Amino acid sequence: MELRQLAYFVAVAEEASFTRAAASLHVAQPGVSAQIRQLERELGQPLFDRSARAVRLTAAGEAVLPYARAALKAVAGARQVVDELTGLLRGHVVMGGVSLPSVLDVPGLLADFHDAHPAVEITLKEADPETVVRDVQTGRMDLGLFGLGPSVPPGLDVQIVVSRPLVAAVGLDHELAGRSGIELADLEGRPLLCLPPGTGLRAALEDGCAAAGFRPRVSLEASEPLVLARLAARGLGVAVLPESAVSGAEGLVHVMELTGPRLRGRMAIAWRSEGEVSPAARALIDHARRTLPDLGLD
């Protein structure tokens, strides 16, 4: 029985899929299947029921799983003790994000972390906001970056790293172009141009509209605020975007203060508030908190 076989077994059990397990382990699926079959032959019992659409543990697999996890944890602990004695940090950390805003130097953050801890493997994943929050809560991701609404998801600690006031922008010949400001309720039913779901701006818009009693009608999405401004300039709707982004579209759009309430787009890094955190993950979290802005929760 090899540690690799136990690691593959635990990965398949957690993913309920040989394909997803292979992807998470960065190995070919046939190799995972072969090692699991070898482990089953050694134990004399099938560990997975492969007859259904989803891979499920057999009774023997359920019995073996906690021991396999304990064995892998013991080996990791032994390595950690030796690494601590030698001053070397090892491990694997996962950072997930909905998007990487240009105002944050995430590539530089990860590069500096790699320079400081070259023995730590780094994985960066893009995912929808629900997946990022869930994976950080469950420990599948060590650090998350996503748009933050009015409340912090349970089980997480956060640090606001982006917070920008939002404005509304329309083309110069738009019917609203004569107004200096507009209340959020006046946007009901109008085609809106906004950043994708999961960004701080989109979360702020959706939460503000919900408080006003309606759902925003987002007709076009773009990942760059300047693109939203240019779409608005061509008469395609009302762009909701950060105030700082309007400077790139001067002379093309009319900007209105967005009130009732005044909205801010926020993004945060997040990590688990409770539960076990590996030394490598703790080092990444501490590095990110030192490197990125801390704008407070207000």
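Here's what I pulled together on the structure shown here. Everything numeric in this text was worked out from a predicted model, so none of it was measured.

The rules behind the values
- Residues numbered from 1 in each chain as written.
- Predicted model: local features only at pLDDT ≥ 70, side-chain atom pairs only at ≥ 80, totals over all residues.
- Heavy atoms only, no water.
- Core = buried A, V, L, I, M, F, W, Y, C linked by side-chain atoms within 4.5 Å.
- Buried < 20%, exposed > 50% of the residue type's maximum accessible area, 1.4 Å probe, protein only.
- Helix = DSSP H or I, 4+ residues; strand = E, 2+ residues; numbered from the N terminus.
- Contact = heavy atoms within 4.5 Å.
- Polar contact = N/O pair within 3.5 Å; in protein donor to acceptor, adjacent residues only side chain to side chain.
- Phe/Tyr/Trp six-rings, centres within 6.5 Å; stacked < 30°, edge-to-face > 60°.
- Salt bridge = Lys/Arg side-chain N within 4 Å of Asp/Glu carboxyl O.
- Pairing = 2+ DSSP bridges.
- Right-handed = clockwise from strand over helix to strand, strands pointing away.
- Axes fitted to C-alpha atoms, helices over the stretch in contact; angles between N-to-C directions.
- Parallel < 35°, antiparallel > 145°, perpendicular 65-115°, else oblique.
- Left-handed = near helix turned anticlockwise from the far one by under 90°.
- Nonpolar A, V, L, I, M, F, W, Y, C, P; charged D, E, K, R; others polar.
- Expected span 1.5 Å × (residues − 1).

A few words now on the nonpolar core. Counting residues in each nonpolar core, the largest one holds 34 residues, and the members touching the most others are L187, L241 and L258. Secondary-structure elements contributing two or more residues to this core are β6 (156-171), β8 (192-194), α7 (200-212), α8 (225-233), β10 (238-242) and β11 (253-259). The element that contributes the greatest number of residues to this core is β6, accounting for five residues. Setting aside anything within four residues of it in sequence, one finds L187 in contact with I182, L192, F214, V238, V240 and L258. Formed by 23 residues, the second largest nonpolar core is a distinct cluster that contains V106, L143, V162 and I269.

We now examine the side chain of Q159. Secondary-structure assignment places Q159 in strand β6. There is a polar contact of 3.3 Å between the side chain of Q159 and the side chain of R289.

For the rest of this paragraph, the subject is the packing of aromatic side chains. Between two aromatic rings, the relevant description is the distance of the centres plus the angle of the planes. One pass over the structure, following the stated rule, counts two aromatic pairs. Centroid distance F9 to F48: 5.4 Å. Interplanar angle 55 degrees. Geometry classified as tilted. Of the two residues, F9 sits in helix α1 (residues 3-15) while F48 sits in strand β1 (residues 48-49), which places them 39 residues apart along the sequence. Judged by relative accessible area, which is 3%, F48 ranks as buried. Residues F18 and F48 carry aromatic rings whose centres are separated by 5.8 Å and whose planes lie at 70 degrees to one another, so their mutual orientation is edge-to-face. With F18 in helix α2 (residues 18-25) and F48 in strand β1, the pair connects residues that are 30 residues apart, well separated along the chain.

Taken as a whole and judged by the stated rule, the model has 14 salt bridges. Put simply, R4 and E2 hold a salt bridge, and the shortest N to O gap is 3.5 Å. A salt bridge links R50 to E40; the shortest N-O distance between them is 3.1 Å. Of this pair, R50 sits in the loop between β1 and β2 (56-57) while E40 sits in helix α3 (residues 29-43), placing them 10 residues apart in sequence. The class of R50 is partly exposed, set by a relative accessible area of 40%.

Moving on to the pairing of strand β3 (residues 91-97). The element β3 is extensively covered by neighbouring structure, given that five of its seven residues are classed as buried. Across seven bridges, the pairing between β3 and strand β4 (residues 120-126) is parallel. Counterpart to M95 in the pairing with β4 is L124. Once you follow β3 into helix α5 (residues 106-116) and on to β4, the crossover reads as right-handed.

In contact at an axis separation of 8 Å, α1 and α2 are set at 125 degrees when each is read in the N-to-C sense. Judged by the angle between their axes, α1 and α2 are oblique. The chirality of how α1 crosses α2 is right-handed. From α1, Y8, A11, V12 and E15 reach across to α2, where they touch F18, R20, A21, S24 and L25. Residue composition of the contact of α1 with α2, by class: six nonpolar, one polar and two charged.

Moving on: α1. The end-to-end C-alpha distance of α1, which contains 13 residues, comes to 18 Å, matching closely the 18 Å that a straight helix rising 1.5 Å per residue would cover. Within α1, burial applies to Q5, L6, Y8, F9, V10, A11, V12 and E15. One or two residues past the end of α1 sits A16, with phi positive at roughly 55 degrees.

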